[in-house]
Amino acid sequence: MEQVKIEQVVDAGVALASPDQRAVRLRRLAGPLLSAGMLCLALWALHRLSREVNYHQVRHYVQGISHTRLLLAALLTALGYGVMTLYDRFALDAIGKRLPWLRVSLISFISYAFSNALGMALLVSGSIRYRFYIRSGLSTIEVARVVLFCATSFWLGLLALTGVTLLLVPLPVELPLASASQLLGVLLTLLPVIWLFAGRVWRRPLRLWRWRVSLPTPAVAVRQILVGAFDWGLAAAVLYVLMPDGLNNGFGHFLAIFVIAQIIGLVSHVPGGLGVFEAVMLAGFGVTGNADLAAPILGALAAFRVIYYLLPLCAATVLVIQREARGWREKSLLPRWFSDLLPSFFAGLTLVSGAVLLFSGATRALPLRMAILSEILPLSVLEVSHLLASVIGMLLLILARGLQRRLDAAYWLTLVLLLAGAVFSLLKGIDYEEATLLVLLAMALAPAHRLFYRRASLFSTSFSVSWIAAIVAVLGCAAWLVVFSYKHVEYSADLWWEFSFHQGGAPRALRALVAATAAGMLFALGSLIRPLKLKREPPSDAELARALPLIKQFPSAQAHLALMGDKSLLFDPTHQAFVMFDTEGRSWVAMGDPVGTDEEARRELVWTFLEQCERAGGWPVFYQVSPADLDLYLEVGLTLLKIGEEARVRLDGFNLDGKSRKVLRNTINKLTREGLRLEIVPAEAVPPLLPRLKEISDAWLRDKSVREKRFSLGAFDPHYLVRTPMALVWQGDRLVAFANLFLNDTRQEASVDLMRFLPDGPAGLMDYLFVELMQWAHSEGYQWFNLGMAPLAGLQNRRQAPLWNRFGALVFGRGERFYNFRGLQRYKDKFDPQWEPRYMAVPRGIALPLILANVASLISGGLSGVVRR
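Model, not experiment: these values are computed from the prediction. (Residues numbered from 1 in each chain as written. Predicted model: local features only at pLDDT ≥ 70, side-chain atom pairs only at ≥ 80, totals over all residues. Heavy atoms only, no water.)

Some details on the overall build of the protein
Defined as follows: A run of H or I in DSSP becomes a helix once it reaches four residues, and a run of E becomes a strand once it reaches two; helices and strands are each numbered from the N terminus. Each residue's exposure class comes from its accessible area (1.4 Å probe, protein chains only) as a fraction of the maximum for that residue type: buried when under 20%, exposed when over 50%, partly exposed otherwise.
What the protein contains, in helices and strands, is 30 helices and 14 strands. Across the 869 residues in the protein, those meeting the buried criterion constitute 56%.

This is the structure in structure tokens:
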């Protein structure tokens, strides 16, 4: 009996919105390129504003900051991050959820420590919150509401503080829009005020594109605005206590410049507002050409970056490492959410470590330390160490992507390079601070080898545009630091060949920068010589022959759908597993789980498929996957949607005895008396039968007014049918029904795919076919008989259920005009099967409607098949 999948009820109009591939690529490039452009502009502005400042002046100011000021800045930072925990606390209160205060504080602190330091706050903090809160029992929709609440509070507080400040304190004339600061203050203040009272005036949810947003009550809005404003006020206070006394024109004047600089930094989308924030601060204080003012401000900004961004990041790192160490010490498995988070966590820290090495190689070493090294080391050792430290920095930026992708080679190379980088840091300038950082990261990474199990090549790993932009941004900042640190040194071609302990800083920095750039370019060149992109073409006879043994040994009979020949096959390098897939729009849809008995090969195939999809600009989708393999998809960052339940009959317990089977028993006995009999024909005997099978199939299609489906269902294709055994139902000498069989060699499961019968055949023909097949399969030693999936079965329409489940349950209960969902489940239920959930693994984000429409179109054979049978 053919099954109609859930996606067939999706409105076909959604798929029509699929954008042109070129436009999609441009949009993917636009964000990272804009951020890179803003960073370049900011670095150019910094260079112009600080052209009279040298590195010694900045370092002198930082070293001169009193311990009292540093301690006060640290206390204000701790208080600020404490206030940030209220974002999550109030968000959970708003959605009616209660979690332990300590857990909420930990989640909030880690998410803000990473998002503040790395930038892209909504993406970074949202991802961390998602992983933590999902494991704490929140649904995807609830996590999204928490993230939205926190982001709204964040911006409402910033806008309110900025608006009020501009109303009370005019902007410096050096800043753009200074003449309109009062008007700007009114507009910025008006937005939080509207938000404050909108919930009382407009009680219905607002519809924004596809989303419905309920406005908060005034009490909740006040909480959001006050927490956000207090958070930003404390951040400003941290920098204020570090600023030089000569610029003390009052906190209000300083706050006006600070909040404007923060807004511009956030809007620029440069990670952490790096360079943009500093440039606006310098411009706001009018320091152009004034080294006596610019140097202290740059020093205060550098100290602010360390205290407010770097120290909390280190603290969050220690918390995560401490938890990991405790898990290993107790020899217990780490929680699933924590293990999933660690590869990305180590990738982020490796990226930071690489940046530290590059920045260190771009700046001057401390004179006292260089004097010590000149007494104990040959100059050649110092020069080589400096060069290799920067090269290692670049390699760590690249390897960070490999760690995120769980590559075994990236793990070992990172471990070796971290320790080598620590040694070279000591040899090039006794930089024990960065050496300690590298060693601590290596110690944390060492026991986590089991998380990096992939044997794939690093050169085959796909690098997203954002990741490439981040590497280029770090390299650009390092180049700017070289120019800034040695602006007093006149450039000449001979500079490249100067070697000296005390006067060779500039040549060493230039050589190190060029060597690091060369290392990055060589890797990029090597990546170009990589395997070809995924082929989207029907499998050859040789590929099908290669796949057949894997299909026959796979526990699920669904693997036989590969024999249909309408899906491309992606094999692992050892040909121990394969994925069958097809494409529709931007969706690259794999049918079922990877097929094969080698678990490592199956796991690697999921990663390979994901990377190939990313390289092609597509969305990876795994359709109708089983609960046993869900970890394969969660590890690569996909999310799961339940799409129905599969009915499987335990054959050793199936019989027609008992009162509950009376109707079924009577039907079988009646049809047997009418002369019906079942015949199983091997695949090699099918070709002569095809003309008679074709007549039955055509009659069935005309009677049902349907057309052939594909992808997850078989169609009447002679090339396909001759590859599988056939079950035939005869009434005397007349063939009245047939079904092709999926039989594996392990005898674990038998199933059917294409089932057709004559419209004028006897009533109960399908019941007869199913019962006789199950009894035959049991006699042949099979353990299970698969009746196929009942779309949308088992989805719950409860208040706390995810939105997808509630929608699916609604369609299941009231979608009879589209398809007989309940009837199909009731029909299969009379055979007393065990129901097992089936899922679709999809990327996170707002592309879900397009993916659903693409899958529906793929199964239905085109858009027209989605809206009609």
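Having seen the structure, we can now continue with the description.
Focus: the pattern of salt bridges
Note the threshold: Within this document, salt bridges are pairs made up of a side-chain nitrogen of Lys or Arg and a carboxyl oxygen of Asp or Glu, the two lying within 4 Å of each other.
Counted by the stated rule, this structure contains 33 salt bridges. Ionic pairing is found between Arg 603 and Asp 631, a salt bridge with its closest N-O pair at 3.3 Å. Of this pair, Arg 603 sits in helix α21 (residues 599–615) while Asp 631 sits in helix α22 (residues 630–634); the two residues are 28 residues apart in sequence, bridging distant segments of the chain. Notably, a salt bridge pairs Asp 652 with Arg 650, separated by 3.4 Å at the nearest N-O pair. Assessed through its relative accessible area of 34%, Arg 650 is described here as partly exposed.

With respect to the pairing of strand β12 (residues 749–757)
Quick note on the threshold: DSSP calls a pair of strands paired once it identifies at least 2 bridges connecting them.
With nine of nine residues buried, β12 is to be regarded as a mostly interior element. The hairpin formed by strand β11 (residues 734–743) and β12 contains five residues between the paired strands, and Arg 747 there has a positive phi angle of roughly 60°. Direction of pairing for β12 relative to strand β13 (residues 784–791): parallel, over a ladder of three bridges. Within the sheet, the bridge partner assigned to Ser 751 lies in β13 and is Asn 786.

What about the pairing of strand β4 (residues 577–584)?
Of all eight residues making up β4, seven are buried, and the element is well covered by its neighbours. Hairpin geometry of strand β3 (residues 568–571) and β4 is characterised by an intervening segment of five residues between the two adjacent antiparallel strands and by a positive phi of about 60° at His 575. For β4 and strand β6 (residues 595–596), the ladder comprises two bridges, and the chain directions are antiparallel. Each bridged residue has a counterpart across the sheet, and for Phe 578 the counterpart in β6 is Val 595. As judged from the four bridges shared by β4 and strand β5 (residues 587–591), these two strands associate in the antiparallel manner.

Some thoughts on the side chain of Arg 602
Our working rule: Each polar contact in these results corresponds to two N or O atoms within 3.5 Å; when the atoms are within protein, one needs to be able to donate a hydrogen and the other to accept it, and residues that are neighboring in sequence are counted only if both atoms are side-chain atoms. Here, residues are in contact when the closest pair of their heavy atoms is within 4.5 Å.
The topology assignment puts Arg 602 in helix α21. In terms of polar contacts, Arg 602 uses its side chain to reach the side chain of Glu 599, at 2.9 Å. The residues touching Arg 602, leaving out its near neighbours within four places in the chain, are Phe 554, Ala 577, Asp 593, Pro 594, Gly 596, Thr 597, Asp 629 and Leu 632.

Comments concerning empty space enclosed by the protein
Convention followed: In this analysis a 1.4 Å probe is tested at points of a 1 Å grid over the protein atoms alone, and where it fits but cannot get out there is a cavity; an open set with protein on both sides within 12 Å along at least five of seven lines is a pocket; lining residues have an atom within 4 Å of a point. Grid points are joined across faces, edges and corners, and a volume is the space filled by probe spheres set on the points. Three residue categories are used. Nonpolar comprises Ala, Val, Leu, Ile, Met, Phe, Trp, Tyr, Cys and Pro, charged comprises Asp, Glu, Lys and Arg, and polar comprises the others, including Gly.
Evaluated as defined, the whole model comprises two cavities of 30 Å³ or more. Volume-wise, the second largest cavity comes out at about 40 Å³. In this structure, the second largest cavity is lined by Leu 358, Gly 361, Ala 362, Ser 390, Ala 478, Ala 509, Ala 512, Leu 513 and Ala 516. Counting only elements with at least two residues in the lining of the second largest cavity, the list comes to α13 (336–362) and α19 (505–528). A per-element tally of the lining of the second largest cavity places α19 first, with four residues. The residue makeup of the lining of the second largest cavity, split by class, is seven nonpolar, two polar and no charged.

Thoughts on unusual backbone geometry
Of all residues except glycine, most have a negative phi; of all peptide bonds, most are trans. Of note, His 575 is a non-glycine position whose phi angle comes to about 60°, a positive value. Position of His 575 among the secondary structure elements: in the loop between β3 and β4. Judged by relative accessible area, which is 36%, His 575 ranks as partly exposed. The residue Asp 832 is not glycine, and still its phi comes out positive at about 55°. Summarising the element assignment, Asp 832 is placed in the loop between α28 (821–829) and β14 (834–842). On the basis of relative accessible area, Asp 832 is assigned to the exposed category, the value being 55%.

Overview of the confidence of the model for the protein
When pLDDT drops low, the exact placement of atoms in the prediction is not to be read closely. Rules: Along the chain, pLDDT gives the predictor's confidence residue by residue, from 0 to 100.
Counting all residues, the mean pLDDT for the protein is 80, and 81% of those residues have values of 70 or more. For the protein, helix α1 (residues 12–15) is the element with the lowest average pLDDT, namely 31, and β6 is the one with the highest, namely 93. In the model, residues 1–22 has pLDDT below 50 throughout and makes 68 contacts with residues more than four positions away in sequence or in other chains.

Examining a nonpolar patch on the surface
This is how the line gets drawn: Each patch groups residues whose relative accessible area exceeds 30% and which form no salt bridge, using 9 Å between like charges and 5 Å between nonpolar side chains of Val, Leu, Ile, Met, Phe, Trp and Tyr. Calculation of accessible area relied on Shrake-Rupley with a 1.4 Å probe; when residues are assessed, cover is drawn exclusively from the protein chains displayed.
A cluster of nonpolar side chains, namely Val 164, Leu 167, Leu 168 and Val 186, defines an oily patch on the protein surface of about 350 Å² accessible area. You can see Leu 167 is positioned in helix α7 (residues 140–168).

A short note on the packing of helix α9 (residues 218–242) against helix α10 (residues 251–268)
Put simply, the rule is: Angles run from 0 to 180 degrees between N-to-C directions of axes, and those axes are lines fitted to C-alpha atoms, restricted for helices to the stretch in contact. To sort the angles, those under 35 degrees are grouped as roughly parallel, those over 145 as roughly antiparallel, those from 65 to 115 as roughly perpendicular, and the leftovers as oblique. Rotating anticlockwise by less than a right angle from the far helix to the near helix defines a left-handed crossing, while the corresponding clockwise rotation defines a right-handed one.
Two numbers describe how α9 lies on α10: the axes approach to 10 Å, and their chain directions differ by 110°. One finds that α9 runs roughly perpendicular with respect to α10. Between α9 and α10 lies a crossing whose hand is right-handed. Mapping the contact onto sequence places Trp 232, Gly 233, Ala 235, Ala 236, Ala 237, Leu 239 and Tyr 240 in α9 and Phe 251, Phe 254, Leu 255, Phe 258, Gln 262 and Leu 266 in α10.

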